[in-house]
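Each chain, written out:
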Amino acid sequence: MGVGGTLEYISELIGSGGSHSYGKRKKKKQFQTVELKVRMDCDGCVLKVKNSLSSLKGVKSVEINKKQQKVTVSGYAEPSKVLKKAKSTGKKAEIWPYIPYNLVAQPYIAQAYDKKAPPGYVRKVDPYVTTGTMTVYNDDPSYTSMFSDDNPNACSIM
């Protein structure tokens, strides 16, 4: 056992209270930032949401922007648990549906443009969504040879 292995062994003994837990390592949660859109009308609503989310295990900070109806939660909590806790306050809550305007290729298509979006933001949409229909034909030589540029009088339809 090298120096690194010895340090891991000692830290594992101290961290687990002296009990051996070989092979039973807990998966550490990653630090995350969860952004929510929560309907808040007054300072009482803001306080209720902030206190509720702050009481959640693993939450390090809760920032609220009442004007944008945006709540930013930072910590080791799962996004689904944060959303569930926000909904338990009785407020309408959802994962933040907007992205900055400059990250969207077509910000004014019907799916992305939202009148309720804060300034500089548009709704998050799938980048592969198309608004129109397109018909694709196989590369069939009968269609391409029907009209000839060499002889414009040789139309095969007539």
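Residues numbered from 1 in each chain as written. Predicted model: local features only at pLDDT ≥ 70, side-chain atom pairs only at ≥ 80, totals over all residues. Heavy atoms only, no water.

Student: Any details on the sheet that holds strand β3 (residues 70-75)? Residues and values, ideally.
Tutor: A sheet is described by the order of its strands in space; here four strands give the open sequence β2-β3-β1-β4, paired in antiparallel fashion. Edge positions in the sheet fall to β2 (59-65) and β4 (93-95), since each of these pairs with one other strand and no more. Within the sheet, the average angular offset between the axes of one strand and its neighbour, ignoring direction, is 25 degrees. When strand β1 (residues 32-38) meets β3, the two strands line up antiparallel, connected through six bridges. For K37, the partnering residue across the bridge sits in β3 and is K70. Packed on one face of the sheet, helix α2 (residues 43-54) meets β1, β2 and β3 and runs near 165 degrees to β2. Lying on the sheet, helix α3 (residues 79-87) is in contact with β1, β3 and β4; it crosses β1 at an angle near 30 degrees. (Pairing = 2+ DSSP bridges. Helix = DSSP H or I, 4+ residues; strand = E, 2+ residues; numbered from the N terminus. Axes fitted to C-alpha atoms, helices over the stretch in contact; angles between N-to-C directions. Contact = heavy atoms within 4.5 Å.)

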